[in-house]
Amino acid sequence: MELPRVSGGRRRQLCRGGFRIRRDALAARDHARALLDLAQGDATLLGEITDLLVASRRTRPLASVEAVRCKVEARRSLCGSTSVATYLRRWLQWCRVDPNTLLAYEGHVRVHLIPHLGELSLDQLRVDDIRIMFDAIESNGAKIRLSQASRDAAVRASVRGLRPAGPSTCQRIRATLRKALNDAITEGLIATNPAIHVRMRWAGSAGPLLWTDERVDHWRDTGQVPGPVMVWTPQQTGAFLDHAAKHDQDLYPLFHLIAYRGLRRGEAVGLRDLDTALDRAEITIANQITAIGRGLRRKRPKSESSNRSIGLDTVTVAVLRAYRSRRPRDRNEGLFFTRPDGFAWHPAAVSRRFRRLVASADLPRVRLHDLRHGAATLALAAGVDLKVIQATLGHSSLALAADTYTNVLPELSHAAAEAVAALVPRRLTTPVAA
């Protein structure tokens, strides 16, 4: 294709090939013409667009018309396009998000996005490039899992410390890229966001499973945990709390509060004296403590629905009163739960102590966060309305509480089955013999 001569300059041509059919070649030609038409008689701009076409690699698609129009309107240079790596590093510097969210962004950019996409031009990033990246991430994850399951100790050692990226991680990586590219659109660097159009494998959501006798026996025989989210029975919860009361008096009240009323870890660690009204049997969740590396940060709860007041039962009030009477007098944080030296608990330290107690109590493994799930299932078993459970846990929607917890306790399903059967009038009251 003959390109216009600018200011009497030398002759230049656009040469591209490899088209499957004639129609594809004509479409590429029309694309180039549409780019040139953006100059609208401006000789300087026409020269820049011509330079852009000449500099384009034959193996890569031409720059999007919308992307170039966006740059023209923003009065940005058309040539010398910013690389994905350069943009992402700059984006991380001025991105204003929660520190923990920023740490996640930095990890995704460093480990995945720059190694796979960094050398590409930002304005030439395509959906296929992102698809190829996720195919490579999933392939690498499969290799890591295969090596981790190997009987060869040397092979297992070669992947020690590596975590394969599963569907949920890939969803979060795409969310990071989508956020970064949306900000690039705001800056006028690109016109569209290709990450939006990448279809991902469904990550699914793991609902809680109850530690029934059969599952406990299987775990003791094989060491395999049936699912990623496990919940204790009321008997197992009681056994743990009795064990914690004897062996960890500093943290037993905090574990009791989570197990009975379903607080998140950061909410329990960040519970303040001024938000604790034991005379009214009530606490207010208005503060939480999160970890940033080794440091701690106070912040508001994660959402509006997480700002809530929670009623307490008489047993929990008694446990908290007893703790308050013997806790350290010199406290520098204004928090209800503190370490023996009066300072705030680090959330990770609380989780470590919890895991040690579970192991020493010889109970099936659960995470500290699973005590929160357990509190919800206990409330359901006690006949508490789902709307009340939603408000107590601070869930944003009733559907989330219903989808997560209603299938955990078999007793609830059995009661529902009996209720349905009671509605059906039958003449025969005994099964028909074969």
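To start, this report covers the structure provided alongside it.

### Quick look at the side chain of Asp 129
- Structurally, Asp 129 can be placed in helix α6 (residues 127-148).
- With residues up to four places along the chain from it excluded, the contact list for Asp 129 reads Arg 60, Leu 117, Leu 120 and Gln 124.

### Observations concerning the packing of aromatic side chains
- A complete count under the given rule lists ten aromatic pairs for this structure.
- Measuring from ring centre to ring centre gives 5.1 Å for Trp 232 and Phe 240, while their planes differ by 35°; the resulting arrangement is tilted. Here Trp 232 and Phe 240 have matching classes, each one buried.
- Their ring planes at 40° and their centres at 5.4 Å tell us that Tyr 323 and Phe 337 sit as a pair that is tilted.

### Some thoughts on the side chain of Arg 12
- Here Arg 12 shows up in strand β2 (residues 12-13).
- With sequence-adjacent residues up to four places away left out, Arg 12 is seen in contact with Met 1, Glu 2, Leu 3, Gly 47, Thr 50, Asp 51 and Val 54.

### As for the sheet that holds strand β5 (residues 276-277)
- Judged by pairing direction, the sheet is antiparallel, and its three strands sit side by side in the order β5-β6-β9 without closing on themselves. Of all the strands in the sheet, the pair left with one neighbour each is β5 and β9 (308-311).

### Structural notes on a positive patch on the surface
- A surface patch of like charges, here positive, comprises Arg 265, Arg 352, Arg 355 and Arg 356.
- A total of three residues in the positive patch trace back to one element, the largest contributor, which is helix α14 (residues 347-360).
- Mapped onto the fold, Arg 356 is located in helix α14.

### Considerations on helix α1 (residues 22-37)
- With 16 residues, α1 extends 23 Å between its outermost C-alpha atoms, agreeing within 8% with the 22 Å of an ideal straight helix rising 1.5 Å per residue.
- Along α1, the residues classified as buried are Ala 28, Ala 32, Leu 35 and Leu 36. Along the axis of α1, the buried positions cluster into a sector of 105°, meaning they face one direction only. Exposed side chains of α1 directed beyond 90 degrees from the buried face belong to Arg 22, Arg 23 and Asp 37.
- Taken together, the buried residues of α1 touch β1 (2-3), α2 (43-55) and α3 (65-73).

Rules used throughout
Residues numbered from 1 in each chain as written. Predicted model: local features only at pLDDT ≥ 70, side-chain atom pairs only at ≥ 80, totals over all residues. Heavy atoms only, no water. Helix = DSSP H or I, 4+ residues; strand = E, 2+ residues; numbered from the N terminus. Contact = heavy atoms within 4.5 Å. Phe/Tyr/Trp six-rings, centres within 6.5 Å; stacked < 30°, edge-to-face > 60°. Buried < 20%, exposed > 50% of the residue type's maximum accessible area, 1.4 Å probe, protein only. Pairing = 2+ DSSP bridges. Patch = residues over 30% accessible without salt bridge, like charges linked within 9 Å, V, L, I, M, F, W, Y side chains within 5 Å. Areas by Shrake-Rupley, 256 points an atom, 1.4 Å probe, with all protein chains shown as cover. Salt bridge = Lys/Arg side-chain N within 4 Å of Asp/Glu carboxyl O. Lys, Arg positive; Asp, Glu negative; His and termini not counted. Charge placed at Lys NZ, Arg CZ, Asp CG, Glu CD. Expected span 1.5 Å × (residues − 1). Arc of directions from axis to C-beta.

That is the geometry; function is a separate question.
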